[in-house]
Amino acid sequence: MAIRLFNTYSRAVEEFQPLDPPRVKMYTCGPTVYSHAHIGNFRAYLFEDLLQRHLESRGFEVERVMNITDVDDKTIRGSRETGEALSEFTAPFKRAFFDDLDTLRIKRADAFPEATDPRQISAMIEMIKTLIERGLAYQAEDKSVYFRIKSFPDYGKLAHFNLDELQSTGRVKSDEYEKENVGDFAVWKAWDAEDGEVAWDSPWGRGRPGWHIECSAMATQLLGEQLDIHCGGVDNIFPHHEAEIAQTEGCTGKKFVRYWLHCAHLLVDGQKMSKSAGNFYTLRDVLARGYSGREVRYALLRVHYRVPLNFTWEGMDEARQALGRIDDWLARLREHAGQTDDAGAASENQFSAALDDDLNISGALGVLFETIRETNRAIDQQTLSSTDAARWLRWWEQIERVLAVTDTGDSAIPAQIAALVEQRAQARLAKDFAKSDELRDQIASLGWEVRDTKDGQKVTRRAGA
Ligand code: AMP
Ligand code: ZN
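In this text the structure is predicted, and so the values were computed from the model without any measurement.

**Q** Would you take a moment to explain a negative patch on the surface for this structure?
**A** Negative charge collects at one region of the surface, where Asp432, Asp437, Glu438 and Asp441 lie side by side. Counting through the fold element by element, Asp432 comes out in the loop between α14 (415–429) and α15 (433–445). Asp432 sits in the partly exposed class, given a relative accessible area of 35%.

**Q** Explain the site of ligand 1 to me, please; I cannot follow it from the model alone.
**A** Taken together, 17 residues lie around ligand 1, and Gly233, Asp235, Asn236, Leu266 and Met273 are the ones closest in. At 3.0 Å, a backbone N or O of Gly233 approaches an oxygen atom of ligand 1. Note that a nitrogen atom of ligand 1 is positioned 2.7 Å from one of the backbone N or O atoms of Leu266. Here ligand 1 has 490 Å² of accessible area as a free molecule, and 91% of this is covered by the chains. Within the residue set of the shell around ligand 1, elements represented by two or more residues are α1 (39–57) and β9 (227–233). Among the elements that take part in the shell around ligand 1, α1 stands out by supplying 4 residues, more than any other.

**Q** Honestly, the sheet that holds strand β10 (residues 257–263) in this entry has me stumped. Any pointers?
**A** Working definition: the strands of a sheet are paired by backbone hydrogen bonds and lie parallel or antiparallel to each other. Reading across the sheet, the 4 strands line up as β4-β3-β9-β10 and stay open at both edges, with parallel pairing between neighbours. Sheet topology places β4 (61–66) and β10 at the edges, where each strand pairs with a single neighbour. Put simply, the sheet's adjacent strands are angled 20° from each other on average, direction ignored. Sheet topology places strand β3 (residues 23–28) next to β9; 3 bridges connect them, and they run parallel.

**Q** Honestly, the packing of helix α6 (residues 211–223) against helix α7 (residues 237–252) in this entry has me stumped. Any pointers?
**A** A pair of packed helices is captured by two measures, namely the crossing angle of their axes and the spacing between those axes. Axis separation between α6 and α7 bottoms out at 9 Å; the angle between their running directions is 55°. As far as their axial angle goes, α7 and α6 are oblique. Crossing of α6 against α7: the hand is right-handed. Residue-level contacts link Trp211, His212, Ile213, Cys215, Ser216 and Thr220 of α6 to Pro239, His240, Ala243, Glu244, Gln247 and Thr248 of α7. Taken together, the residues that form the contact of α6 with α7 break down as 5 nonpolar, 6 polar and 1 charged.

**Q** I tried to follow the coordination of the zinc ion (ligand 2) on my own but got confused; where do I start?
**A** Tetrahedral coordination by four donors puts the ideal angle at the metal at 109.5 degrees, and octahedral coordination by six puts it at 90 or 180 degrees. Taken together, Cys29 (SG), Cys215 (SG) and His240 (NE2) make up the full set of protein donors to the zinc ion (ligand 2), lying 2.1 to 2.2 Å away. Spacing between the donor residues of the zinc ion (ligand 2) along their common chain follows C-x185-C-x24-H. You can see Cys29 sitting in the loop between β3 and α1 and its partner His240 sitting in helix α7, a full 211 residues away along the chain. Since its relative accessible area comes to 7%, Cys29 is described here as buried. Its relative accessible area of 0% is what places His240 among the buried residues.

**Q** Would you explain the domain arrangement of the protein chain in this entry?
**A** Accessible area lost during the coming together of the parts is what is often quoted as the interface size. Segmentation of the protein chain into domains returns domain 1 (4–263), domain 2 (283–403) and domain 3 (415–461). Distance between the C-alpha centres of domain 1 and domain 3: 40 Å.

**Q** When you look at the side chain of Ser436 in this model, what are you seeing that I'm missing?
**A** By the element assignment, Ser436 lies in helix α15. Of the polar contacts made by the side chain of Ser436, one reaches the side chain of Arg428; its length is 3.4 Å. Once you skip the residues sitting within four places of it in the chain, Ser436 turns out to touch Arg424, Ala427 and Arg428.

Parameters and conventions
Residues numbered from 1 in each chain as written. Chains lettered and ligands numbered in written order. Predicted model: local features only at pLDDT ≥ 70, side-chain atom pairs only at ≥ 80, totals over all residues. Heavy atoms only, no water. Patch = residues over 30% accessible without salt bridge, like charges linked within 9 Å, V, L, I, M, F, W, Y side chains within 5 Å. Areas by Shrake-Rupley, 256 points an atom, 1.4 Å probe, with all protein chains shown as cover. Salt bridge = Lys/Arg side-chain N within 4 Å of Asp/Glu carboxyl O. Lys, Arg positive; Asp, Glu negative; His and termini not counted. Charge placed at Lys NZ, Arg CZ, Asp CG, Glu CD. Helix = DSSP H or I, 4+ residues; strand = E, 2+ residues; numbered from the N terminus. Buried < 20%, exposed > 50% of the residue type's maximum accessible area, 1.4 Å probe, protein only. Near = heavy atom within 4 Å. Polar contact = N/O pair within 3.5 Å; in protein donor to acceptor, adjacent residues only side chain to side chain. Pairing = 2+ DSSP bridges. Axes fitted to C-alpha atoms, helices over the stretch in contact; angles between N-to-C directions. Parallel < 35°, antiparallel > 145°, perpendicular 65-115°, else oblique. Left-handed = near helix turned anticlockwise from the far one by under 90°. Contact = heavy atoms within 4.5 Å. Nonpolar A, V, L, I, M, F, W, Y, C, P; charged D, E, K, R; others polar. Donors = N, O, S within 2.8 Å, 3.2 Å for Na, K, Ca; no water. Domains from an automatic or database assignment.

See the structure below:
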């Protein structure tokens, strides 16, 4: 059965046909490494992981790139505040991001290009040169280079904005006086004192790339001029992805992306979870409450990606219960299957069929839990043969390749340990090191080890405990 996906560009569900099947070129906007990613960001990365895994389960060969934005206003501001060089400031957040991906079982992309990589900076400069040659960009009085949106007639098509409306606001005063049009966006930002040491040479003087050109350059540099899929959260649609289309198509003259996919936001009390609103949880915050990576994974995946999802602790408990049901079911099936491995051919999986329909995860999970109910009943009634049990286990293996939620023993830090770790953090803040050592011993006696690292306390199960 064909896979169908909702394309933001056409606002319609379309049959998925990559340019060069079975290859699929997929670009996903990655984190800005000025702090720990919050679980809203991870909702986006988990939806992309689900998409990749499902496409792979259907025989596609996905080549995925996720960029790391390690230079922009926020990273520069952060490094200025801590007095570190930009790369020193961003390094721990990059490391933490990769740790978090692993905790959430998100498959690693094939490449994680960094915006500050000299090869990428050169690619950005080359693109900007082409845009200027073609009359699509210009250097303004402030020495920055801007994209001229009125020279790209399709500008606004992704976000379904009317360019005339955007333009009708006309020139604005204050800091934007230099631009020809209020909607023109910077592709190269001229150095100013706030940037400190952060600057690269370019034909337009010292400066740094704009955020949008970073993604256009990194995507085309690593995946070529035409992509099959480009993803992000809905907040990326405008201006970021709109600008990416204008810049890339402005340079190549070819259609940049066949399918644009965007996930709805993770909310807290009905508001978008975001750093600026201060209503966010990092993955570490949730783990410290005693939840495991797979529980967070399940909680963030279980709602369709285009439906806003409200984050609550009850939702986390529901995720725990659901996984508990899966764990119990698998244990029963294994017991029942015994040594039987003659499971026969795997039948068509209705779980996968549901995902074919624009990643209909609730339909897919409905199939799973209905199967769990029925097979459990058959086990109770002693009507499930060991061959059937083995067959269901094989069925589950297909699902697990996509869901990736089985218990692999990397279970959560128990609430009791998390509470002691928190007390220890308080003791250390108060410089009460005797108390801190006492708590470390207490944690050790319960089978856990705590280490102090640059990123705070790291808690692991003690070997052999
Ligand atoms: P940023 O680091 O802000 O560039 O965001 C990285 C990714 O996370 C982007 O794809 C955003 O669209 C996405 N994102 C940010 N906040 C949320 C949220 N509350 N829910 C879902 N996705 C989000
Ligand atoms: Zn991007």
